[in-house]
Amino acid sequence: MISVRFLAMLSTVLLVVGALLVGEALHGGVVQGTYRLTSPYVVLRVILGSIFIALGYRFKTPAEEYVSTPSDQPTRSDREDDSPDPDQTGEFDPEMSPLGGDGLEHVDGDRRDAGDDRGE
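Please read all numbers here as calculations on a predicted model, not as lab measurements.

**Some points on the overall build of the protein**
Alright, step 1. In terms of helices and strands, the protein carries five helices and zero strands.
Alright, step 2. Written out in order from the N terminus, the α and β elements of the protein read α-α-α-α-α.
Alright, step 3. When each of the 120 residues of the protein is scored for burial, the buried share is 14%.
Alright, step 4. In the protein, the share of contacts with a sequence separation of at least 24, taken over all contacts with a separation of at least 6, comes to 64%.
Alright, step 5. A total of about 9800 Å² of accessible surface is found on the protein, and carbon and sulfur atoms cover 58% of it.

**With respect to helix α2 (residues 40–58)**
Alright, step 1. For α2, spanning 19 residues, the distance from its first C-alpha to its last is 27 Å, which sits close to the expected 27 Å at 1.5 Å a residue.
Alright, step 2. Residues of α2 that are buried: V42, G49 and G56. End-on, the buried residues of α2 take up no more than an arc of 60 degrees, which puts them together on one face. Exposed positions of α2 whose direction lies more than 90 degrees from the buried face are P40, L44 and R58.
Alright, step 3. Buried residues along α2 sit in contact with α1 (4–31).

**So, the confidence of the model for the protein**
Alright, step 1. Per-residue confidence for the protein gives a mean pLDDT of 77, with 60% of residues at or over 70.
Alright, step 2. Considering each helix and strand of the protein separately, the mean pLDDT is smallest for helix α4 (residues 76–79), with a value of 50, and largest for α2, with 94.

**Remarks on the side chain of S39**
Alright, step 1. Its place among the elements puts S39 in the loop between α1 and α2.
Alright, step 2. According to the relative accessible area criterion, S39 is buried, its value standing at 9%.

**Here's the deal with the pattern of salt bridges**
Alright, step 1. In this structure the tally under the stated criterion is one salt bridge.
Alright, step 2. One salt bridge in this structure joins R45 and E24, with 3.1 Å as the shortest N-O distance. Taken together, the residues span a long stretch of sequence, with R45 in helix α2 and E24 in helix α1 at a distance of 21 residues.

**Considerations on a nonpolar patch on the surface**
Alright, step 1. Among the surface-exposed residues, I2, F6, M9, V13 and V17 lie close enough to one another that they form a single nonpolar patch of about 430 Å² accessible area.
Alright, step 2. As for its position among the elements, I2 is in the segment before α1.
Alright, step 3. Given the relative accessible area of 52%, I2 is considered exposed.

**Observations concerning the environment of L15**
Alright, step 1. With respect to the helices and strands, L15 occurs in helix α1.
Alright, step 2. Along the chain, L15 and G49 lie 34 residues apart, while their C-alpha atoms are 8.5 Å from each other.
Alright, step 3. Beyond its immediate sequence surroundings of up to four residues, L15 is in contact with F52, I53, G56 and Y57.

Rules and cut-offs
Residues numbered from 1 in each chain as written. Predicted model: local features only at pLDDT ≥ 70, side-chain atom pairs only at ≥ 80, totals over all residues. Heavy atoms only, no water. Helix = DSSP H or I, 4+ residues; strand = E, 2+ residues; numbered from the N terminus. Buried < 20%, exposed > 50% of the residue type's maximum accessible area, 1.4 Å probe, protein only. Contact = heavy atoms within 4.5 Å. Areas by Shrake-Rupley, 256 points an atom, 1.4 Å probe, with all protein chains shown as cover. Expected span 1.5 Å × (residues − 1). Arc of directions from axis to C-beta. pLDDT = per-residue confidence, 0-100. Salt bridge = Lys/Arg side-chain N within 4 Å of Asp/Glu carboxyl O. Patch = residues over 30% accessible without salt bridge, like charges linked within 9 Å, V, L, I, M, F, W, Y side chains within 5 Å.

Next comes the structure, spelled out in structure tokens:
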């Protein structure tokens, strides 16, 4: 069976290519006036673009089906066990801070020196 993700990608590619073909034909025939609207260049591009668009809609995957497909990445529920806060208290732990021993004090001092009154 063909993958749901492959069908979604194929649908998108066909829709985009079809829209580009129709758009280019209209641009060359109507906007620039380079080609007549009944010239083979315009007619073939509109027909071929319409076929690509129809095939793109035929292979279109419903969003529910695509979202429910599992991926290789772990889900959020799997990553909850790897929380940096094992107690789940939400308190600041200075040992886990990458700022060093002085914590956020120097950041607050820089903010006050700059005249920003958002400090606590």
